[in-house]
Amino acid sequence: EYAKGITDGSRRMADMMTNILKLNRLENQQIYPQVSEFDLGEQLCECLLQYENVWEKANIEIETDIAEDVKVKADAELLGHVWNNLFSNAFKFTPSGGTVTVSLIATDHHAIVKVRDTGCGMTAEVGAHIFEKFYQGDTSHSVQGNGLGLALVKRVIDIMHGEIGVESAVGVGTTFTVKIR
């Protein structure tokens, strides 16, 4: 039991250090996007499937509405970090029996991805700070995160000249909307 506690703590520390280093390199423009054209819907599905055991174990329903053949010119690896963080948060804050919805639509100028959950939601005060480094609005989950994920997401989206927004209501859930050119 003690060894498991030490291992878990070490893993969290390693994850935090990795995120700090990534965020630092992004902020100091030491990471330059490797732009290529790829199918965004395929990437979303691949990222989502990585969480299959999580949603099955937690009895969370998955709904998808992903348009086909939506191509974007972006850094696939960096965008993968965005989706993984948004999906991870959606599953972390959605209770058993809840729903996580992922949608993708294309307009003339943007690909628009929405990640919606029926989790605990957040107040407008918390929502105003969630993209700040080390900010954790829900301290009950503080052992599962380090407050860097959404700061990293925001920086990646900024580098890609995209947009990210959040809508949330306590007890109803949260929706993140990402627009990519």
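It should be emphasised that the depicted structure is a prediction, and the values quoted were computed from it without experimental measurement. (Residues numbered from 1 in each chain as written. Predicted model: local features only at pLDDT ≥ 70, side-chain atom pairs only at ≥ 80, totals over all residues. Heavy atoms only, no water.)

1. Considering the overall build of the protein chain
Thought 1: In terms of regular secondary structure, the protein chain is built from six helices and seven strands.
Thought 2: Taken from the N to the C terminus, the helices and strands of the protein chain come in the order α-β-α-α-β-β-α-β-β-α-α-β-β.
Thought 3: Scored against the burial criterion, the 181 residues of the protein chain give a buried share of 39%. (Helix = DSSP H or I, 4+ residues; strand = E, 2+ residues; numbered from the N terminus. Buried < 20%, exposed > 50% of the residue type's maximum accessible area, 1.4 Å probe, protein only.)

2. Concerning the environment of Glu42
Thought 1: Within the secondary structure, Glu42 is located in helix 2 (residues 40-49).
Thought 2: Glu42 gets classed as partly exposed once you look at its relative accessible area, which sits at 49%.

3. Looking at the pattern of salt bridges
Thought 1: Scanning the entire structure with this criterion turns up three salt bridges.
Thought 2: With a closest N to O distance of 3.8 Å, Asp39 and Lys71 form a salt bridge. Here Lys71 lies in strand 3 (residues 71-74) and Asp39 lies in strand 1 (residues 36-39), a separation of 32 residues in the sequence.
Thought 3: Taking the relative accessible area as the measure of exposure, Lys71 reaches 45% and is therefore partly exposed.
Thought 4: Residue Lys71 is joined to Asp69 by a salt bridge in which the shortest nitrogen-to-oxygen separation is 3.6 Å.
Thought 5: Relative accessible area serves as the criterion here: at 59%, Asp69 is assigned to the exposed category.
Thought 6: One salt-bridge network, in which partners are shared between bridges, spans Asp39, Asp69 and Lys71. (Salt bridge = Lys/Arg side-chain N within 4 Å of Asp/Glu carboxyl O.)

4. What to know about the packing of helix 4 (residues 76-93) against helix 6 (residues 149-159)
Thought 1: Two elements in contact, helix 4 and helix 6, have axes separated by 9 Å at closest approach and are oriented at 145°. The handedness of the crossing between helix 4 and helix 6 comes out as left-handed. Of the residues in helix 6, those touching helix 4 at Leu78, Leu79, His81, Val82, Asn85, Leu86 and Asn89 are Gly149, Leu150, Val153, Val156 and Ile157.
Thought 2: A per-class count over the contact of helix 4 with helix 6 returns eight nonpolar, four polar and no charged. (Axes fitted to C-alpha atoms, helices over the stretch in contact; angles between N-to-C directions. Left-handed = near helix turned anticlockwise from the far one by under 90°. Contact = heavy atoms within 4.5 Å. Nonpolar A, V, L, I, M, F, W, Y, C, P; charged D, E, K, R; others polar.)

Everything listed here is a matter of geometry and, on its own, says nothing about what the molecule does.
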